[in-house]
Amino acid sequence: MLSALTVALAAGAPSSSAALGTAEKGARAAEIAEAAQEARKNRLPRVEVAVVSRLTRAEQGISTTSTLKPYEEVIVIPKVTGRIARRAAATGDVLKSGDLLMVLDSRSQKAEYASLQAQVAVKKAELEQSKVTLADAKRELDRYSRLRKSGYATQQEYDTRSTAYRSALAAEAKAAAQVKQAQAGLDAQNVLLGEYELRSPIDGVVLDDYDLAVGALLTPSAKALRIGRVDRLKADVDIAERDMGRLRRGMDAVLTFEALPGQTFYGTVTLIAPYINISTRTVGAEITVDNQATGCKLRPGMFARVLLVESSEENPLAIPGEALRRDGTVAVIREGKAVIQPVTVGVASGGLITVSRGLKVGEAVVTSGGMTLKDGDEVNVVSGESAETAPRR
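Residues numbered from 1 in each chain as written. Predicted model: local features only at pLDDT ≥ 70, side-chain atom pairs only at ≥ 80, totals over all residues. Heavy atoms only, no water.

### A word on the overall build of the protein chain
1) Next: The secondary structure content of the protein chain amounts to three helices and 21 strands.
2) Next: Among the 393 residues that make up the protein chain, the fraction classed as buried is 32%.
3) Next: For the protein chain, contacts bridging at least 24 residues in sequence account for 77% of all contacts bridging at least 6.
4) Next: In the structure as shown, the protein chain presents an accessible area of about 23,300 Å², 52% of it carried by carbon and sulfur atoms. (Helix = DSSP H or I, 4+ residues; strand = E, 2+ residues; numbered from the N terminus. Buried < 20%, exposed > 50% of the residue type's maximum accessible area, 1.4 Å probe, protein only. Contact = heavy atoms within 4.5 Å. Areas by Shrake-Rupley, 256 points an atom, 1.4 Å probe, with all protein chains shown as cover.)

### Overview of the packing of helix H2 (residues 107-150) against helix H3 (residues 155-194)
1) Next: Relative orientation of the contacting elements H2 and H3 amounts to 165°, with a least axis distance of 7 Å. Taken together, the axes of H2 and H3 are roughly antiparallel relative to one another. In terms of crossing hand, the pair formed by H2 and H3 is left-handed. (Axes fitted to C-alpha atoms, helices over the stretch in contact; angles between N-to-C directions. Parallel < 35°, antiparallel > 145°, perpendicular 65-115°, else oblique. Left-handed = near helix turned anticlockwise from the far one by under 90°.)

### What to know about the environment of Glu310
1) Next: With respect to the element layout, Glu310 can be found in strand S14 (residues 303-314).
2) Next: In this structure, the C-alpha to C-alpha distance between Glu310 and Gln60, residues 250 residues apart in sequence, is 5.8 Å.
3) Next: Setting aside residues no more than four positions away along its own chain, Glu310 makes contact with Gln60, Gly61, Ile62, Arg246, Arg248 and Met251.
4) Next: In this structure the side chain of Glu310 is engaged in a polar contact, spanning 2.4 Å, whose partner is the side chain of Arg246. (Polar contact = N/O pair within 3.5 Å; in protein donor to acceptor, adjacent residues only side chain to side chain.)

### Details of the nonpolar core
1) Next: Core analysis: the biggest nonpolar cluster contains 25 residues, and Leu68, Leu255, Phe257, Ile287, Leu298 and Leu308 have the highest contact counts within it.
2) Next: Looking at this core, the elements that each hand over two or more residues are strand S3 (57-76), strand S10 (225-240), strand S11 (252-257), strand S12 (260-272), strand S13 (282-290) and S14.
3) Next: At five residues, S10 tops the list of elements feeding residues into this core.
4) Next: Apart from residues lying up to four places away in sequence, Ile287 is in contact with Leu233, Lys234, Ala235, Val237, Ala253, Gly267, Thr268, Val269, Val306 and Leu308. (Core = buried A, V, L, I, M, F, W, Y, C linked by side-chain atoms within 4.5 Å.)

### What to know about the sheet that holds strand S18 (residues 344-349)
1) Next: Strand order in the open sheet made by the four strands is S2-S15-S19-S18, with antiparallel pairing throughout. Two strands in the sheet have a free side with no partner beyond their single neighbour: strand S2 (53-54) and S18.
2) Next: Where strand S15 (residues 317-320) lies against strand S19 (residues 352-357), four bridges are found, and the strand directions are antiparallel. For Ile319, the partnering residue across the bridge sits in S19 and is Ile353. (Pairing = 2+ DSSP bridges.)

### Notes on the sheet that holds strand S6 (residues 100-104)
1) Next: Spatially, S7-S6-S4-S9 is the arrangement adopted by the four strands of the open sheet, whose pairing is antiparallel. In this open sheet, the two edge strands, each paired with only one partner strand, are strand S7 (197-199) and strand S9 (217-218).
2) Next: With three bridges joining them, strand S4 (residues 82-87) and S6 adopt antiparallel strand pairing. Each residue of the ladder has a partner; that of Arg86, found in S6, is Val103.

### What to know about the side chain of Thr294
1) Next: Of note, Thr294 is situated in the loop between S13 and S14.
2) Next: A relative accessible area of 17% places Thr294 in the buried class.
3) Next: Looking at Thr294, its side chain comes within polar contact range of the main-chain nitrogen of Cys296, at 3.3 Å.
4) Next: In this structure the side chain of Thr294 is engaged in a polar contact, spanning 3.3 Å, whose partner is the backbone nitrogen of Lys297.

By themselves, these observations are geometric and do not establish any function.
Structure, rendered in structure tokens:
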């Protein structure tokens, strides 16, 4: 019995070894095939691709930079010398035209005004007195005129009353002129008193109060406040002389700010300078931005990147500019092979080119390594991304 079992085991051993050898050969063959496939793949042209995407909007035009400024700006400077008695506005305050900003000490001027008022009252009293004197002189002249005609008064007596009347008439005229002179002085002093109250000449915001404190002395050469209108802003740009013909009044402007990433703002070209700056060979233009429509997010002094829009497209397909070949075609990857596809392109903006015909959303186009590809060439795709996230080169 033992010898029969031994024989049976001996007979089964070669069968197990054969199965193990077959499995090893199969695994090695798979490795060899995979290595061969990898080697073949490495011999293929290596390309990078981007996926055709749809944009919300694409613009093309003249790119430049600018700094935002208030639409209107004034620096308030007093016309008189005086110490600050009261401050009614500070940096950041919103103002209406005519609002009180600051009051200067005007006690001496008010005293002078009271003195002039008294002088006017005196001159008016003198005028009234001269009118009474004139009336008396007129009555005397009329009486002696009648007496002379009746023979009861001499010519000399009449001439004396006539001279007195003319003197009274001149005195009344002089008194009236003195009243006007005194009133003019009073009015001038009233105007001068008004200069001791500084008021806002425009609607706007206090941009700078220069840290002036009550008691500080202001002179006609000292800045009191800086006020700007910020519900609308402007951006001045300088455009190269060669691009002057591309500028037009009313063209749209797109503004972006590093301080407000991911947000886009719009303005309009409202002014184009009528001359060329001979020092820089540029033409100036002014862009107006409705800051109130933005919720007043923008501030004077912000640095802006500006695109003066010459043409735009809504919801276009877009590909990276690198995908467009010299002959106006692109290489589309389909089932691992390149398909050379003619396309119709439009706006070029921010490293992207819009496509109106020849491609579909989601297709992969070659952005690197595709300039020498021929239709039907197999390729090795090493990376891929959408047109929107493709780096701007």
